[in-house]
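# Results of the structural survey
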Amino acid sequence: MKRSAKNINKRPNKKTSDVGQVSKVNDRTSDGGNPQSELLKWYAKSGRPLPWRTTRNPYRILVSEVMSQQTQIERVIPFYLRFMELFPDEKALAAASTDAIHRAWKGLGYPSRVERLRAACQVVLARGGGWPDTVETLQELPGIGPYTAGAVACFAFARVVPVVDTNVARVYARRDNLPLPLDRVGIWSHVAVQVDPKDPIKYNNALMDLGATVCTARVAHCEICPWEHRCASRGNKIIQDATANPLKVASKKVNYGVEIKNKKKPRLHIVLALIHHEERYLVARRKKNSHMGGYWELPGGKLEKGEDHRIAIAREVSEELGAEVRSARSIMSFHHEYDDRYLTFHLYRCHLFNPEAVKALASDEIRWVTPEEFVELDFPPANKPIQARMAKYHRLG
Ligand code: SF4
């Protein structure tokens, strides 16, 4: 992977400069080592003894990586151990029933993850049983994105590749005072050239542990950090706060809709309910004889004058589904431009008191779909930003 000059060599921009001064970075002496040896020395003493770190089996490593997505490591350990007893290898998982894998996964959430895991095992077996061993070829398996592919390529096959999660991005953002917001390609390139070629497995594991236990989002324990003497942010609470989740900063900047350029054009506000229940989302098919008939959409509608967003959501959900909203949390707003007006959509993630009772009162059909199905549905062009946001959130595509 090539180092990106754009992101690495850039001087701190105004925003970065605002969050803190880079001063006296190298005024403490190290133990005479280089960054890699300092980190590995720390890891030898303070690394976490996780059960999947004793194996190089790609199946087991893949399971641990998929389980760890959006779940805390401490919670994952008992699930991982039990899963390995039930499905010790790819053959066992590939042959398991949907009921059996859902039972084993219960409590971890997002059961579509285990279905994708099984699908990946089935593809591997159908191809003869050998696991792909590079970042590129691993991504040809169902449900494996760049992060998981990097993790399996490194931890199972000792490939010298970066494995950058939010924790790792935070460590580098702080240590090297990288300009914010970080972009994913830039941070991967930045880490790629620093992975220890002699021991990429330990190096990547050590980085993850440093970010998870020492340089955490909430607090940076600089006094016990092996990189304190070479860190631009040590002891600087302002930079540390600004870099708590450097990748999220980037995602907030994504503008999914259009910009409002003509302020004189009329603007209508629409609220939409992204209703979630048991890892699925509710979608409705527009009536055939209506405008955009046959397209899928989310329940919702026009905001009435002076109406509160959440009241409007509750009203629309009651009218269109006969259901009662229990909670509604704002996810995003975006604009869409027509010749004569702008529509501003306000998306809320909702839970219902009675999800089993929903009825298609204002549509031809309603369905509960998985995130994978959601991003593939035919939505009207104005609603495409919602699918883009969902694909990013669920790391699809
Ligand atoms: S010195 Fe502090 S801010 Fe810098 S990497 Fe270590 S823990 Fe993080």
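Residues numbered from 1 in each chain as written. Predicted model: local features only at pLDDT ≥ 70, side-chain atom pairs only at ≥ 80, totals over all residues.

## Some points on the overall build of the protein chain
Helix and strand content of the protein chain: 18 helices and seven strands. The buried share among the 397 residues of the protein chain stands at 35%. (Helix = DSSP H or I, 4+ residues; strand = E, 2+ residues; numbered from the N terminus. Buried ≥ 20, exposed ≤ 12 C-beta atoms within 10 Å, placed from the backbone.)

## A word on unusual backbone geometry
The phi dihedral of Asn-177 falls on the positive side, at around 50 degrees, and the residue is not glycine. Position of Asn-177 relative to the elements: it lies in the loop between helix 11 (166–175) and helix 12 (184–192). Of note in the backbone geometry, Met-292 takes a positive phi value of approximately 60 degrees without being a glycine. Here Met-292 shows up in the loop between strand 2 (280–285) and strand 3 (296–297). C-beta crowding within 10 Å serves as the criterion here: with 15 such atoms nearby, Met-292 is assigned to the partly exposed category.

## Comments concerning the site of the ligand
In the vicinity of the ligand, 15 residues are found, and the nearest of them are Cys-215, Cys-222, Cys-225, Cys-231 and Arg-234. Looking at the shell around the ligand element by element, the count peaks at three residues for helix 11. Broken down by class, the residue content of the shell around the ligand amounts to eight nonpolar, three polar and four charged. (Near = placed C-beta within 6 Å. Nonpolar A, V, L, I, M, F, W, Y, C, P; charged D, E, K, R; others polar.)

## Overview of the nonpolar core
If you look at the biggest cluster of nonpolar residues, it comprises 60 residues, and the most contacted ones within it are Leu-62, Leu-117, Val-152, Val-168, Tyr-172 and Leu-207. In terms of residues, this core owes the most to one element, helix 10 (residues 146–157), which gives seven residues. Membership of the second largest hydrophobic core comes to 30 residues, among which are Leu-321, Val-325, Leu-347 and Cys-350. (Core = buried A, V, L, I, M, F, W, Y, C linked by C-beta atoms within 7 Å.)

## Some remarks on the packing of helix 11 against helix 13 (residues 200–214)
With their axes 8 Å apart at the nearest point, helix 11 and helix 13 run at an angle of 80 degrees to one another. By the angle class used here, helix 11 and helix 13 are roughly perpendicular. The segment helix 11 lies against helix 13, with Asn-167, Val-168, Arg-170 and Val-171 engaging Leu-207, Met-208, Leu-210, Gly-211 and Ala-212. (Axes fitted to C-alpha atoms, helices over the stretch in contact; angles between N-to-C directions. Parallel < 35°, antiparallel > 145°, perpendicular 65-115°, else oblique. Contact = placed C-beta atoms within 7 Å.)

## Structural notes on helix 8 (residues 112–126)
With 15 residues, helix 8 extends 21 Å between its outermost C-alpha atoms, agreeing within 8% with the 21 Å of an ideal straight helix rising 1.5 Å per residue. Every buried residue of helix 8 is accounted for by Arg-113, Val-114, Leu-117, Arg-118, Ala-120, Cys-121 and Val-124. Viewed end-on, helix 8 has its buried residues packed into an arc of 155 degrees, placing them on one side of the element. Check the buried side of helix 8 and you find it contacts helix 4 (58–68), helix 6 (90–94) and helix 7 (98–105). Gly-128, located one to two residues past helix 8, shows a positive phi value of around 115 degrees. (Expected span 1.5 Å × (residues − 1). Arc of directions from axis to C-beta.)

## Things to note about the confidence of the model for the protein chain
Per-residue confidence for the protein chain averages 86 on the pLDDT scale, and 89% of its residues sit at or above 70. Averaged pLDDT values over the elements of the protein chain bottom out at 32 in helix 1 (residues 5–8) and peak at 98 in helix 6. Every residue in residues 1–30 scores below 50 in pLDDT, and together they form 46 contacts with partners more than four places removed in sequence or on other chains. When the criterion is pLDDT under 50, residues 249–254 qualifies, and its contacts beyond four places in sequence or with other chains add up to seven contacts. (pLDDT = per-residue confidence, 0-100.)

## Let's talk about the pairing of strand 5 (residues 325–337)
Here eleven bridges tie strand 5 to strand 6 (residues 342–352), and the two strands are oriented antiparallel to one another. In the strand pairing of strand 6, His-336 is matched with Leu-343. Hairpin geometry of strand 5 and strand 6 is characterised by an intervening segment of four residues between the two adjacent antiparallel strands. (Pairing = 2+ DSSP bridges.)

## Quick word on the packing of helix 3 (residues 35–46) against helix 13
For any two helices packed against each other, the geometry is given by the interaxial angle and the distance between the axes. The contact between helix 3 and helix 13 brings their axes to 9 Å, and the two run at 70 degrees. Here helix 3 lies roughly perpendicular to helix 13, going by the angle between them. The residues of helix 13 that touch helix 3, namely those facing Gln-36, Leu-39, Leu-40, Trp-42 and Tyr-43, are Lys-202, Tyr-203, Asn-205, Ala-206, Leu-207, Asp-209 and Leu-210. Class assignment for the residues of the contact of helix 3 with helix 13 results in eight nonpolar, two polar and two charged.

## Section: the environment of Ala-94
Residue placement: Ala-94 occurs in helix 6. Put simply, Ala-94 and Ala-119 are 25 residues apart on the chain and 7.0 Å apart in space, counted from C-alpha to C-alpha. Leave out the neighbours within four places in its chain, and Ala-94 touches Arg-118, Cys-121, Gln-122 and Leu-125.

## Focus on the environment of Thr-213
Secondary-structure assignment places Thr-213 in helix 13. Spatially, the C-alpha atoms of Thr-213 and Ser-46 are 9.3 Å apart, while their sequence positions differ by 167 residues.

## Details of helix 11
Among the ten residues of helix 11, eight are classified as buried, and the element is accordingly described as predominantly covered. Among the residues of helix 11, Val-168, Ala-169, Arg-170, Val-171, Tyr-172, Ala-173, Arg-174 and Arg-175 are the ones counted as buried. Taken from the residues just after helix 11, Asn-177 is the one with a positive phi, measuring 50 degrees.

## Some points on the environment of Ala-382
Structurally, Ala-382 can be placed in the loop between helix 17 (371–376) and helix 18 (384–393). If sequence neighbours within four positions are ignored, Ala-382 has contacts with His-336 and Leu-343.

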